[in-house]
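Spelled out, the chains give:
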Amino acid sequence: MRQSVAPSRISHAASLASQANNAAATSRLQEKKKEFEAVAALERASALFLKRIEGLADDCEVMADAGQVHGQVLEQWPLMFQSLSLFLNSREQHLIDPSDDTLPLTGERLVRIPLDELQADASK
């Protein structure tokens, strides 16, 4: 008697279905790998962008500090010119009228007093 081929056909059909599922799963796995690689590349690019932005922020803070220092220096110029003007006027008055003893010229000097250091020492 001859053997039936039906059981082998069923297993063959199951094998084909299994291969189709494996091919679909492999294809899906490849898509997910590509998606994961793209997300990882985006994370790396974002981290690099963040470092650059933080560097720019640091540079901006340095420039802001420099601007404050420049402002403090510029704030002192009018006072310096006022002091120089007073000194020059008193010197001219002394040259015009040397007999006037109300304008003592000897021993006068312009000095810079570090107020910040004095205040810091006083607060200690």
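For the structure itself, consult the block above.
For clarity, every value in this text was computed on a predicted model and none was experimentally measured. (Residues numbered from 1 in each chain as written. Predicted model: local features only at pLDDT ≥ 70, side-chain atom pairs only at ≥ 80, totals over all residues. Heavy atoms only, no water.)

### Overview of the overall build of the protein chain
In step 1: Looking only at helices and strands, one finds two helices and zero strands in the protein chain.
In step 2: Counting all 124 residues of the protein chain, 2% fall into the buried class.
In step 3: When the accessible surface of the protein chain is summed, it comes to about 11600 Å², and 60% of that surface belongs to carbon and sulfur atoms. (Helix = DSSP H or I, 4+ residues; strand = E, 2+ residues; numbered from the N terminus. Buried < 20%, exposed > 50% of the residue type's maximum accessible area, 1.4 Å probe, protein only. Areas by Shrake-Rupley, 256 points an atom, 1.4 Å probe, with all protein chains shown as cover.)

### What to know about the pattern of salt bridges
Two side chains carrying opposite charge are able to pair once their charged atoms lie near each other.
In step 1: One pass over the structure, following the stated rule, counts one salt bridge.
In step 2: Notably, a salt bridge pairs E35 with K32, separated by 3.8 Å at the nearest N-O pair. Here E35 pairs with K32, and both are found in helix α1 (residues 6–96), just three residues apart, close to one helical turn. (Salt bridge = Lys/Arg side-chain N within 4 Å of Asp/Glu carboxyl O.)

### Side note on the layout of surface pockets
In step 1: In this structure, the largest pocket spans a volume of roughly 750 Å³.
In step 2: Lining the largest pocket are 16 residues, and of these Q76, L79, M80, R112 and I113 lie nearest its centre.
In step 3: Those elements that provide at least two residues to the lining of the largest pocket are α1 and α2 (115–123).
In step 4: A per-element tally of the lining of the largest pocket places α1 first, with nine residues. (1 Å grid on protein atoms, 1.4 Å probe; cavity = no way out; pocket = protein on both sides within 12 Å on 5 of 7 lines; lining within 4 Å. Points joined across faces, edges and corners; volume = space filled by probe spheres on them.)

### Topic: the packing of aromatic side chains
In step 1: This structure, assessed with the given rule, holds one aromatic pair.
In step 2: On the basis of an interplanar angle of 35 degrees and a centroid distance of 5.5 Å, the ring pair of W77 and F81 is categorised as tilted. Taken as a pair, W77 and F81 lie in helix α1 at a separation of four residues, close to a single helical turn. (Phe/Tyr/Trp six-rings, centres within 6.5 Å; stacked < 30°, edge-to-face > 60°.)

### Overview of a negative patch on the surface
In step 1: Taken together, the side chains of E54, D58, D59, E61 and D65 present a region of like negative charge at the surface.
In step 2: By the secondary structure assignment, D58 is in helix α1.
In step 3: D58 sits in the partly exposed class, given a relative accessible area of 45%. (Patch = residues over 30% accessible without salt bridge, like charges linked within 9 Å, V, L, I, M, F, W, Y side chains within 5 Å. Lys, Arg positive; Asp, Glu negative; His and termini not counted. Charge placed at Lys NZ, Arg CZ, Asp CG, Glu CD.)

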